[in-house]
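Summary of the model geometry
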Amino acid sequence: MVSEEDLKQAIVDLDYAGIRDVVQDALASGMDPLTVLNGLKWGLDVVGSLYHNREYFLSELFMAGETMRVALEALMPALTASSHYQAAGTIVMGSIAGDVHDFGKNIAKNLLTASGFTVHDLGVDVPPLQFVEEAVRLQADVIGISAILSSTQPTSAEVVDALAARGLRGAIKVILGGTGVTQRAITEYGVDAAVNDATEGVTIIRGWVQGRA
Amino acid sequence: MTPRDRLLTTLAHREPDRVPLTARLWLDTRLKLRRHYGVATDDELFAVMGIDNGAISVQSLTPSGWQPDPDYARFCELIGYEVHSQYATYEEWGIQRKLGSQGQSVLRQFFFTHHPWEAFTRPQDITSLPLLDLDAPGRFDMAHQLIAEHQATRLIWGSLGHTLWTKGWELRGMMPFMKDLHTNPAMTEAILDTLLDYACYKATRLLDLGCDGISVSEDWGNNYSMFINPALWRKYFKPRYRRLFDLAKRRGKLVYFHSDGNITPIVGDLVEIGVDSLNPVQPECMNQLEIKRIYGDRLTLDTGISNQKTLPFGTPDDVKQEVLTALKHLAPGGGFVYGTSHFALYDVPIANLITLYETLQQFGAYPLQVP
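Residues numbered from 1 in each chain as written. Chains lettered and ligands numbered in written order. Predicted model: local features only at pLDDT ≥ 70, side-chain atom pairs only at ≥ 80, totals over all residues.

1. Examining the overall build of chain B
The helix and strand tally for chain B stands at 17 helices and 9 strands. Computed over the C-alpha atoms, the radius of gyration of chain B is 20 Å, within 12% of the 21 Å expected from 2.2 N^0.38 for a compact globule of 371 residues. The principal-axis extents of the C-alpha atoms in chain B amount to approximately 60 × 45 × 40 Å. A buried classification covers 42% of the 371 residues belonging to chain B. (Helix = DSSP H or I, 4+ residues; strand = E, 2+ residues; numbered from the N terminus. Rg over C-alpha atoms; globule rule 2.2 N^0.38 Å. Buried ≥ 20, exposed ≤ 12 C-beta atoms within 10 Å, placed from the backbone.)

Following this line, the structure appears as structure tokens:
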């Protein structure tokens, strides 16, 4: 009999090879798919805490996302059949123009996907207007901008301005992420949140979307 | 005292006549400084700024007769590389890169578009690969020439460049390589042993030419922490680095290790396996004073002013204060090299660079008298 605790622990242990069986066993034993999802998300939260305590490192964040991805593949058919399930939200993200770093962005993408968001990854070196156009086209809730360089972070203001020009400033939230990003970005570039850690970004985005529900 | 003697003295943890200085500056910045000082060459510039650049690096290059394809030649032109420099060996490995949209601006960077080992599924796919032929004619001609030219006055590092980790992910892709590390020990070992054998042979060739030591360049961290768990690093990488460094140590040679980011958890391991000089001991995210306190009698800190904060965004007075603090706490007893902690980006204020080296010239002489 698989418990929520077992599901959490499989994510914390980065049990990439075994997670599919754990999820299938849980479903076979009659566990509600939403309860399975909660157990998995619990594991992801613990991984985030371990990262903050420097007990886990970036590759473990990445592997937690990979393990979660496999878990969701096994869980999704049952989850979508459940009448209570609702996708968490839609995010358009990419590394902004001039920035070709994508590792942090990919970690964030993995964790957001693992948290049930539909993520559209625009890649690297993305022009500011493209973020806005894609967000409108896909009816996104959030735009995620990755910018590792101090010289590329200011371009995030162009995304904010382009949203404002279309009257969408309140409707689509903007989060800036990158290893060198500080809270100053909120006042300097007008973004809604600024983080230097993917797990914190996921928590903020979850809060936004839950707040709307 | 020659720049070589100055550097060797500090590497031996004794105080030379003054702190050895480095300058990691792109051509654009050097041209601005040349204009400021009214000099025509880099040699004149470094002389007037008191930058002794006590070491040079030599490496294996592309073999005689190698010709770049037009795309690569264009890439080099845009990014500012010499076509036949060490970077050309990426072409030989089949690693493909593309320049970012900002082209020749201050954001002159590339990203990877193809990792030639990414599709491999079996360890033997990698272990059976022919690697670059290090015995091909011409590989070490430039190294040979530079050593002959500079060995009387400069310390010579035999540069292995990206060696196990960085070369591993450049060939495999970062995420596939991380996945290997966590889920596929056989593939991990195939990649690392293949690269280690290659690095050991290259190191032997460079040491045979007369290099004073070997240098390894890997980026193990970002500002927050390391890319992989130190436990995983100790399992897969440490023993292989030890084998590589032993090659130099058995011949009485030195080991230089570069890694950006916060690599605090493995500094003790690096000292244990023979690293003599660590660069850049990134000032924004590592406690340099603590590292000096614990390892200062065995490890040289080849460091410099904050490249992410003070140099681009500080005032000349901020620069001066940071330099004085470093001299006061890190320079005593030698084991200390200073300059820019990494390559200064193209748009740093020239006034800050001038203050950096003027302060070092004014207060960097031993015995130290730092206000």
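Next comes the rest of the write-up.
2. A short note on the interface of chain B and chain A
With 24 residues of chain B at the contact, the number on the chain A side is 23 residues. Those elements that place two or more of their residues in the side of chain B that touches chain A are strand 3 (110–114) and helix 9 (174–183) of chain B. No other element matches helix 9 of chain B, which puts 7 residues into the side of chain B that touches chain A. Across the side of chain B that touches chain A, the residue classes tally to 12 nonpolar, 11 polar and 1 charged. (Contact = placed C-beta atoms within 7 Å. Nonpolar A, V, L, I, M, F, W, Y, C, P; charged D, E, K, R; others polar.)

3. Quick look at the sheet that holds strand 5 (residues 193–195) of chain A
All names here are of chain A. Spatially, 2-1-3-4-5 is the arrangement adopted by the 5 strands of the open sheet, whose pairing is parallel. Looking at strand neighbours, the two that pair on one side only are strand 2 (117–121) and strand 5, the edges of this open sheet. Averaged over neighbouring strand pairs, the angle between their axes works out to 20° when direction is ignored. Note: strand 4 (residues 173–177) against strand 5, 3 bridges, orientation parallel. Within strand 5, the position partnered with L176 by the bridge is A194. Across the face of the sheet, helix 6 (residues 128–137) comes into contact with strand 1 (89–95), strand 2 and strand 3 (142–146) while running at roughly 160° to strand 1. (Pairing = 2+ DSSP bridges. Axes fitted to C-alpha atoms, helices over the stretch in contact; angles between N-to-C directions.)

What is shown is where atoms sit, not what they do.
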